[in-house]
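Analysis of the macromolecular model
Here are the chains, one letter per residue:
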Amino acid sequence: MLERDKHKYYRYLNDTRYTGDWTQWIQFFLQCVHLQAKQNVRLIQKVNDLYEEDLEKASALVNSHHIRTVVNVMFQHPIFTANMMAELTGLPEATVRRYLNRFEEQKLIFSDGRMRSKTYYYYNLLDQLR
């Protein structure tokens, strides 16, 4: 809202300097904070919903009790390598690669297509955060 209403922001701010009128500026600022908080709550709900949906998809693709750990790391680091995933999950790299290959086949994640040192992208989350 601040971006959209910069002129109001500066007009009200100048009123605090020149006329001592803080009321309009404080009301405007609190309204902006309220709207931003509502947007953040919606974003958090979308991310929570995405987590549940993609955890379910991942669990259907890979039958392992470790899958929640892998998905948690994807949410903490939406751009990652197999080596990084193995380090963060404590799983063997071969196991991680097998999981990631299944995820990529089903388009849950995407890679840069390189043969070595492949980087994976969890676009479902990255798109939400943009």
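The shown structure was predicted, so the numbers you read here are calculated from the model rather than taken from an experiment.

This part takes up the overall build of the chain. Of the regular secondary structure elements, the chain holds six helices and three strands. Secondary structure elements in the chain, listed N-terminal to C-terminal, are α-α-α-β-α-α-β-β-α. Against the 2.2 N^0.38 benchmark of 14 Å for 130 residues, the chain shows a C-alpha radius of gyration of 22 Å, more extended than a compact globule. Principal-axis analysis of the C-alpha atoms gives the chain an extent of 70 × 30 × 25 Å. Residues counted as buried form 33% of the 130 residues belonging to the chain. Across the chain, every contact between residues at least 6 apart in sequence was considered, and the portion connecting residues at least 24 apart equals 46%. In the form shown here, the chain has an accessible surface area of approximately 8,900 Å², with 51% of it arising from carbon and sulfur atoms.

Nonpolar side chains collect at one region of the surface, where W22, I26 and L30 lie side by side and expose about 320 Å² of accessible area between them. Tracing the sequence through the fold places I26 in helix α2 (residues 23–61).

This brings us to helix α1 (residues 6–18). Given a rise of 1.5 Å per residue, 13 residues ought to cover 18 Å, and the 18 Å separating the end C-alpha atoms of α1 matches this to within 8%. Taken together, the buried positions of α1 are occupied by Y12, L13 and T16. Take α1 and look down its axis: the buried residues cluster within an arc of 100°, on one side only. Seen from the buried face of α1, the exposed residues on the opposite side, beyond 90 degrees, are H7, R17 and Y18. For α1, the elements touching its buried residues are α2. Positive backbone phi, at 75°, marks G20, one or two positions downstream of α1.

Residues D49, E52, E53 and E56 make up a contiguous surface patch of negative charge. Take D49: it is sitting in helix α2.

Let us look at the packing of aromatic side chains. Summed over the entire model, instances satisfying the criterion amount to ten aromatic pairs. On the basis of an interplanar angle of 55° and a centroid distance of 6.2 Å, the ring pair of Y9 and W25 is categorised as tilted. Placement of the pair is Y9 in helix α1 and W25 in helix α2, with a sequence separation of 16 residues. Classification of W25 by relative accessible area gives buried; the value is 14%.

Position of I109 relative to the elements: it lies in the loop between α5 (93–105) and β2 (110–111). Residue class for I109 comes out buried when judged on its relative accessible area of 0%.

So, about the environment of L43. For L43, the location among the structural elements is in helix α2. Note on L43: relative accessible area 30%, which makes it partly exposed. Sequence separation of L43 and L129 is 86 residues, and the distance between their C-alpha atoms is 7.9 Å.

Cut-offs and rules
Residues numbered from 1 in each chain as written. Predicted model: local features only at pLDDT ≥ 70, side-chain atom pairs only at ≥ 80, totals over all residues. Heavy atoms only, no water. Helix = DSSP H or I, 4+ residues; strand = E, 2+ residues; numbered from the N terminus. Rg over C-alpha atoms; globule rule 2.2 N^0.38 Å. Buried < 20%, exposed > 50% of the residue type's maximum accessible area, 1.4 Å probe, protein only. Contact = heavy atoms within 4.5 Å. Areas by Shrake-Rupley, 256 points an atom, 1.4 Å probe, with all protein chains shown as cover. Patch = residues over 30% accessible without salt bridge, like charges linked within 9 Å, V, L, I, M, F, W, Y side chains within 5 Å. Salt bridge = Lys/Arg side-chain N within 4 Å of Asp/Glu carboxyl O. Expected span 1.5 Å × (residues − 1). Arc of directions from axis to C-beta. Lys, Arg positive; Asp, Glu negative; His and termini not counted. Charge placed at Lys NZ, Arg CZ, Asp CG, Glu CD. Phe/Tyr/Trp six-rings, centres within 6.5 Å; stacked < 30°, edge-to-face > 60°.

So, to be careful, I would describe these as geometric facts and stop short of saying anything about function.
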